[in-house]
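Examination of the molecular architecture
Spelled out, the chains give:
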2 protein chains.
Amino acid sequence: MGSSEDPASEKPVTAPAADVEAESSSTVRVQSIVRKWKREDLLKKGSLVLRGLALVFSLLSFIIMASNKHGDWKNFDRYEEYRYLVAIAILSSLYTMFQVFVQLHQLSTGKELGLAPRTYGLINFFGDQIVAYLLISAASTAVPRTNQMREGADNSFTDSSAASISMAFFAFFALAVSAMLSGFKLSTQTYI
Amino acid sequence: MGSSEDPASEKPVTAPAADVEAESSSTVRVQSIVRKWKREDLLKKGSLVLRGLALVFSLLSFIIMASNKHGDWKNFDRYEEYRYLVAIAILSSLYTMFQVFVQLHQLSTGKELGLAPRTYGLINFFGDQIVAYLLISAASTAVPRTNQMREGADNSFTDSSAASISMAFFAFFALAVSAMLSGFKLSTQTYI
């Protein structure tokens, strides 16, 4: 562009200039495509890692709470908050297990699920968000009861409850970030 | 298309056919643009209404809980769960007030905020989601304490707490749907 605006260089150099321009524009285009691929790859791996983390944390939360039985008042199933947490941890484990399985299957076989990418993106986005809402709700509900018990006594029952709640919070964080990634992925999809 | 496949009508009717085709394709294009405008308009109005609802509900939640003082153990500020709910209700009121104000300003003056639409879309999306997470966390936390109190006695204090919690839940629903709309809006943006 600069050479054509310069009146001193008004020689027939337009052809090479156009060539250079075309070449540079095609380089830019290739670079942008490669960048897009890299970004998509990163997003895919990122959401796989995040869901894997959410799976591990919700499984831990479920196992720790479900094995939290020390007799009498130290049984988790005497308290509705803890029962709620176990139920949601199971649900979250199942959901993340399904998602991780689907993503690993896609990675290994290279085949997509029999769904339009847009539909799958929306399912990802809504699913992650709903499970994240459930997880933070369950974890928040169980906190005050545990605090209350720990004021009286600090024993293996309250410690396990606290550990399970923390795991549920970690699972929530992983899924919340994954939901935001899914939203971002939705926003960068092209529909042609 | 059907007429050109019919061997009996092999007359030079290609020109008018092309005309009709061009016309119909431009009609389709106009229709799709109008549909897109309508959808964007609906999305804008929908998110304004949802945030207005969230504002009303979180203000109600805050006011009901903050005026919930009946002396002695019937003061909301003796319980950390209720203090948490008040704090989050204030935060949510401020956030939704800001968003409603910005959207009304845009509607009345037609001017955009000094932000790229994409940045604004992302702020919307993240903001709605984070405030929705906080709201459901606060509302869930306050539920067991209220249930526990109501087992003993059912009075104006527990009734007001329950009302405030319900309002927080309604505000959460409105914001969660608004977050999903923002995600959908992100996904339908075009970047050229």
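Residues numbered from 1 in each chain as written. Chains lettered and ligands numbered in written order. Predicted model: local features only at pLDDT ≥ 70, side-chain atom pairs only at ≥ 80, totals over all residues. Heavy atoms only, no water.

1. Comments concerning the overall build of chain A
Definition in use: Numbered from the N terminus, helices here are DSSP runs of H or I no shorter than four residues, and strands are runs of E no shorter than two. A simple rule labels every residue: compare its accessible area, found with a 1.4 Å probe on the protein chains alone, to the largest value its type can have, and call it buried under 20%, exposed over 50%, or partly exposed in between. For this analysis, residues touch if any pair of their heavy atoms sits within 4.5 Å. Each accessible area is a Shrake-Rupley result for a 1.4 Å probe, and residues are judged covered by the shown protein chains and nothing else.
Counting secondary structure elements, chain A contains five helices and zero strands. When burial is assessed residue by residue, chain A has 39% of its 192 residues classed as buried. Looking at chain A alone, contacts between residues at least 24 apart form 77% of all its contacts between residues at least 6 apart. Accessible area for chain A stands at about 10700 Å²; split by element, carbon and sulfur atoms hold 66% of it.

2. Quick look at the interface of chain A and chain B
When the parts come together, some accessible area is lost, and that loss is often what is quoted as the size of the interface. In plain terms, the rule: Accessible area, probed at 1.4 Å, shrinks when two parts are joined; the buried area is that loss added up over both. Between Lys or Arg on one side and Asp or Glu on the other, a salt bridge is scored when a side-chain nitrogen of the former is within 4 Å of a carboxyl oxygen of the latter. Two N or O atoms count as a polar contact when they lie within 3.5 Å, although within protein this holds only if one can serve as hydrogen donor and the other as acceptor, and sequence-adjacent residues are included solely when both atoms are side-chain atoms.
Contact residues are listed per partner, giving 27 residues for chain A and 27 residues for chain B. Between chain A and chain B, the buried area comes to about 2200 Å², and carbon and sulfur atoms account for 64% of it. At the junction of chain A and chain B, the tally comes to zero salt bridges. Where chain A touches chain B, the interface holds two residue pairs in polar contact (both at pLDDT 80 or more). Broken down by secondary-structure element, the contributors of at least two residues to the side of chain A that touches chain B are helix H3 (80-109), helix H4 (117-152) and helix H5 (156-188) of chain A. Here the side of chain A that touches chain B takes 15 residues from H4 of chain A, the largest share from any one element.

3. Some points on the relation of the copies chain A and chain B
Relating one copy of the chain to the other takes a rotation about an axis and a shift parallel to that axis. For the record, the criterion: Superposing the copies works by least squares over the C-alpha atoms of residues that have pLDDT at least 70 in both of them.
Mapping chain A onto chain B calls for a rotation angle of 180° and an axial translation of 0.0 Å; the resulting RMSD is 0.1 Å. Such a combination of rotation and displacement between the chain copies is what one expects of a two-fold axis. Here 100% of the interface residues in chain A have copies in chain B that are interface residues too; the copies meet face to matching face.

4. Digging into a nonpolar patch on the surface
All names here are of chain A. We apply this condition: What makes a patch is a set of residues exposed beyond 30% relative accessible area and free of salt bridges, joined within 9 Å when like-charged and within 5 Å when nonpolar (Val, Leu, Ile, Met, Phe, Trp, Tyr).
The grouping of Val30, Ile33, Val34 and Trp37 at the surface amounts to a nonpolar patch, some 390 Å² of accessible area in total. On the secondary structure map, Trp37 appears in helix H2 (residues 14-66). On the basis of relative accessible area, Trp37 is assigned to the exposed category, the value being 59%.

5. Some words on the side chain of Gln99 of chain A
Take Gln99 of chain A: it is sitting in helix H3. With relative accessibility at 1%, the residue Gln99 of chain A sits in the buried group.

6. Description of the environment of Ala132 of chain A
Mapped onto the elements, Ala132 of chain A comes out in helix H4. Accessibility expressed as a relative area gives 0% for Ala132 of chain A, which makes it buried. With 44 residues separating them along the chain, Ala132 of chain A and Ala176 of chain A place their C-alpha atoms 5.8 Å apart. Among all residues touching Ala132 of chain A, those that are not within four sequence positions of it are Phe172, Leu175 and Ala176 of chain A together with Tyr133 of chain B.

7. Some points on the packing of aromatic side chains
Test applied: Stacked, tilted and edge-to-face pairs are distinguished by plane angle, under 30 degrees for stacked and over 60 for edge-to-face with tilted covering the rest, among Phe, Tyr and Trp rings (Trp via its six-membered ring) whose centres lie within 6.5 Å.
Under the defined criterion, the tally for this structure stands at 15 aromatic pairs over all chains. Summarising the aromatic geometry, the rings of Trp73 of chain B and Phe157 of chain B are spaced 6.1 Å apart at their centres and angled 85° between planes, so their arrangement reads as edge-to-face. Residue Trp73 of chain B is found in the loop between helix H2 (14-66) and helix H3 (80-109), and its partner Phe157 of chain B is found in helix H5 (residues 156-188); the two are separated by 84 residues along the sequence. When its relative accessible area of 32% is taken as the criterion, Trp73 of chain B is described as partly exposed. Here Tyr79 of chain B and Tyr82 of chain B contribute two aromatic rings whose centre-to-centre distance is 5.7 Å and whose plane-to-plane angle is 70°, an arrangement assigned as edge-to-face. A relative accessible area of 0% places Tyr82 of chain B in the buried class. Counting every residue linked through ring pairs, the aromatic cluster contains Tyr133, Phe172 and Phe173 of chain A together with Tyr133, Phe172 and Phe173 of chain B.

8. Observations regarding the side chain of Asn75 of chain B
Here Asn75 of chain B lies in the loop between H2 and H3. Non-local contacts of Asn75 of chain B, meaning those with residues more than four positions away in its chain, are made with Asn68, Lys69, His70 and Phe157 of chain B.

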